[in-house]
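Residue-level listing of the chains:
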Amino acid sequence: MSETLVITCPGGKQCAHLIPLLYNKGKFKLRLAAHSEASVGKLQSQFPDAEVVHTDIADYNHCRQLLKGATAAIIVLPSLHSREKEMGLNLVDAAVAETQRPGNVFEHFVFSSVLGTQHRNLMQHDLKSYIEERLYLSQMDWTILKPTNFMDAYPVAMLASQDKPVMEKLWAPEIGNSLIALRDLAEAIAKVLNEREVHYLAEYSLCSTMPISDAEMCKEIGKQIGKEIEVRAPTFETGVNKLLNYMYGGKADQIYAGASSDFNLAAEGDIRGDIVRDEAERLILFYNRRGLRGSPNVLRWLLGREPMTIADWVANQLEGVGPRSDSSASIKT
C-alpha cells in the first residue's frame, strides 16, 4: 500500500520539477495542498491520480487535517508572504500533533528552507529560522534542505530570441551568488524522501555552483546563443518593483480593487502587502551589496554526481529540456 506524502505549494517552481519524480512511482500517494480553486482544478488536471486538497496552511486546523494519516511531508512555503512564519509553525505543530494521534503513521518532516538563515537582514530568511528552531525543538524526525537562488531565473529563451539581447535583473550585476538548478534540487528532495531514515536530523546546504555574478552568467549565455548580452543595473526602486511584479503583478487586482499598489502586489489572500514590500526592499538592499555564497560539495555528495554546470543548464534550456526558465523565479520558493 502506498504511503501518503503531503506536498505544499505544489504549483510552485520547486514542485514543478519534483512532482514528476514522485507521481505514480509506487512509493507515495501524493496529497497536494492547493490554496485556491484555480489551483485545485489545474492540479487535478495535471495529476489525476493525486489527492488534491483545497486548504489554507495559515490555519492550524487546516494543517491538522492536511497531515492526518500522512507518512511524510515536504514543506515548501510561499516566498515573500507576510504570514510565511505562521504557516511554517502551523505545519510543524500540526505534524507534532499528528505524531501523537493514536494509530498515526507519520515518520518524516522535510522542510525546504533557504541557504543562510543566519542572514537576519533578509526577512524571509529570518522567518524561516524560527521554523527551523521549531523543528529542532520537536521530537519528530526531520530533514532541512537549504537551497540557494534558482539558476532557472535566467530567461535564456527570451534572450536568444532578441536581436540585441538585454538583461536587467533585480540587483547589481557584479554581485556573485551561488545558484542551484531546479532539476538538481528536485532530485535531491526526491532522494531524501525515498531514502528517509538515513537523512533524519540532517541539514543540507544546497548549491549547484560556486558564486557567479549576473554579468558572468550572461557571458556564458551569450557564448551559447552567439550574441553579446547587454547587462544593465536597475535602480533600487526598479529592482523592488520588478521583483513584486514578477511574483504577484496583476494577481490580486480584483481582490484589492482601489487599494494602493503595495496591497495589490501580494499573494492572493495576503492582506499585508505593505509587509511584503518591506521584505522585497530588504532583499534588494542585501543583494546590491552581498550575495548568497555557498559550496556545491554537499549537493555533489547527496546526488552522487556532479551538480549541473552553468554551461550544461544553458544548453538544456536552449534545447527545451524541462520546464521553461522564468525570470520570476529569482527567489527560492
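Here, residues in each chain are numbered from 1, in the same order as that chain's written sequence. pLDDT decides what is reported in this predicted model: residues at 70 or higher carry local features, side-chain atom pairs at 80 or more are listed and counted, and totals for whole chains, interfaces and linings draw on all residues regardless. Hydrogens and waters are ignored; side-chain quantities use all the structure's heavy atoms.

A.B. asks: I tried to follow the overall build of the protein chain on my own but got confused; where do I start?
C.D. replies: What the protein chain contains, in helices and strands, is 13 helices and 13 strands. By the compact-globule yardstick of 20 Å for 333 residues, the protein chain fits well, its C-alpha radius of gyration being 19 Å. Taken along its principal axes, the extent of the C-alpha atoms in the protein chain is 65 × 50 × 40 Å. Counting all 333 residues of the protein chain, 53% fall into the buried class. Every helix listed is a DSSP run of H or I at least four residues long, and every strand listed is a run of E at least two residues long, numbered separately from the N terminus. When we talk radius of gyration, it's over C-alpha atoms, and the globule rule is simply 2.2 Å times the number of residues to the 0.38. Whether a residue is buried, partly exposed or exposed follows from its accessible area with a 1.4 Å probe, protein chains only, as a fraction of its type maximum: under 20%, in between, or over 50%, in that order.

A.B. asks: Would you explain helix H7 (residues 182-195) in this entry?
C.D. replies: Owing to its 3.6 residues per turn, the α-helix brings residues three or four apart onto one side. A helix is expected to span 1.5 Å multiplied by its residue count minus one. Between its first and last C-alpha atoms H7 spans 20 Å; for 14 residues at 1.5 Å apiece the expected length is 20 Å, and the two agree. By the burial criterion, the buried members of H7 are Leu182, Asp184, Leu185, Ala186, Ala188, Ile189, Ala190, Val192 and Leu193. A positive backbone phi angle near 50° is found at Arg196, which sits one or two residues after H7.

A.B. asks: Looking at this model, I keep getting lost on the environment of Arg101. Mind explaining?
C.D. replies: Here Arg101 lies in the loop between helix H4 (84-100) and strand S5 (108-112). Taking the C-alpha atoms as reference points, Arg101 and Gly69, 32 residues apart in sequence, are found 9.5 Å from one another.

A.B. asks: I tried to follow the UniProt feature "domain: NmrA-like" (unreviewed entry) in the protein chain on my own but got confused; where do I start?
C.D. replies: Per the UniProt annotation, the sites labelled "domain: NmrA-like" (unreviewed entry) are residues 2-235. Taken as a whole, residues 2-235 contains 39% helix and 22% strand, while its terminal C-alpha atoms sit 51 Å from one another. UniProt positions are given in the numbering used here, feature names are shortened, and annotations may be inferred rather than shown by experiment.

A.B. asks: How should the environment of Ile75 be read in this particular structure?
C.D. replies: Relative to the helices and strands, Ile75 is located in strand S4 (residues 72-75). A sequence separation of 69 residues divides Ile75 from Val6, and the C-alpha atoms of the two residues are 7.9 Å apart. Look past the residues within four positions of Ile75 in its chain and what remains in contact with it is Thr8, Leu91, Phe109, Val110, Phe111 and Ser112. Whether two residues are in contact is decided by their heavy atoms, any of which lying within 4.5 Å being enough.

A.B. asks: How should the pattern of salt bridges be read in this particular structure?
C.D. replies: When their charged atoms lie close together, side chains carrying opposite charge are able to pair. In the sections that follow, a salt bridge refers to a side-chain nitrogen of Lys or Arg positioned within 4 Å of a carboxyl oxygen of Asp or Glu. Tallied over the full model, the rule gives 17 salt bridges. Its salt-bridge partner being Lys146, residue Glu132 comes within 3.3 Å of it at the nearest N-O pair. Remark: Lys146 occurs in strand S6 (residues 142-147) and Glu132 occurs in helix H5 (residues 123-136); sequence separation between them is 14 residues. In this pair, the class of Glu132 matches that of Lys146, namely buried. Each of the salt bridges in this network shares a partner with another, and the network as a whole consists of Glu3, Lys27, Glu107 and Arg196.

A.B. asks: What is the right way to read the packing of aromatic side chains from this model?
C.D. replies: Pairing of aromatic rings covers Phe, Tyr and Trp, the last counted by its six-membered ring, and requires centre-to-centre distances within 6.5 Å; plane angles under 30 degrees mean stacked, over 60 mean edge-to-face, and any other angle means tilted. In total, this model carries 5 aromatic pairs according to the counting rule given. Note on Tyr136 and Trp142: the rings are 5.4 Å apart at their centroids and 50° apart in plane angle, and the pair reads as tilted. The exposure class of Tyr136 is partly exposed, given its relative accessible area of 38%. On the basis of relative accessibility, which here comes to 7%, the residue Trp142 falls in the buried class. Through successive ring pairs, a cluster of aromatic residues spans Trp171, Phe286 and Tyr287. Directly above the aromatic system of Tyr130 lies the positively charged group of Lys85, at a separation of 4.0 Å from the ring centroid. The rule is short: NZ of Lys or CZ of Arg within 6 Å of the ring centre and within 35 degrees of the ring normal puts a charge over the ring. Positioned over the ring face of Trp171 is Lys169, at 5.9 Å from the centre of the ring.

A.B. asks: For this particular structure, what's the right way to read the confidence of the model for the protein chain?
C.D. replies: Regions with low pLDDT should not have their predicted coordinates read in detail. For every residue, the pLDDT score states the predictor's confidence, bounded by 0 at the bottom and 100 at the top. In the predicted model, the protein chain carries a mean pLDDT of 90, and 91% of its residues have values of at least 70. Low pLDDT (under 50) marks residues 250-259, which in the prediction has 10 contacts with non-local residues, meaning those over four places away or in another chain. Low confidence marks residues 321-330, where pLDDT is under 50. Its contacts with residues over four positions away, or in another chain, come to 30 contacts.

A.B. asks: How should the packing of helix H9 (residues 236-248) against helix H11 (residues 273-289) be read in this particular structure?
C.D. replies: When two helices pack together, their arrangement is given by the angle between their axes and by how far apart the axes lie. The convention used is that axes are lines fitted to C-alpha atoms, helices contributing only their stretch in contact, and that angles between N-to-C directions extend from 0 to 180 degrees. Viewed as axis vectors pointing N to C, H9 and H11 meet at an angle of 125°, and their least axial separation amounts to 9 Å. Between H9 and H11, the interaxial angle falls into the category oblique. In terms of crossing hand, the pair formed by H9 and H11 is right-handed. Every residue of H11 that contacts H9 at Phe236, Glu237, Gly239, Val240, Asn241, Leu243, Leu244 and Tyr248 is listed here: Val276, Arg277, Ala280, Glu281, Leu283, Ile284, Leu285 and Asn288. By the definition adopted for this analysis, an angle is roughly parallel if under 35 degrees, roughly antiparallel if over 145, roughly perpendicular if from 65 to 115, and oblique otherwise. Crossing chirality is assigned from the near helix's rotation relative to the far helix, an anticlockwise turn below a right angle marking it left-handed and a clockwise turn marking it right-handed.

A.B. asks: Where do I start with the packing of H5 against H11 in this structure?
C.D. replies: Between H5 and H11, whose axes approach to 8 Å, the crossing angle comes to 110°. With respect to each other, H5 and H11 are oriented roughly perpendicular. On H11, the residues touching Met123, Gln124 and Leu127 of H5 are Ile275, Asp278, Glu279, Arg282 and Leu283. A breakdown of the residues in the contact of H5 with H11 according to their chemical character gives 4 nonpolar, 1 polar and 3 charged. Gly counts as polar in this scheme, as do all residues outside two lists: the nonpolar Ala, Val, Leu, Ile, Met, Phe, Trp, Tyr, Cys and Pro, and the charged Asp, Glu, Lys and Arg.

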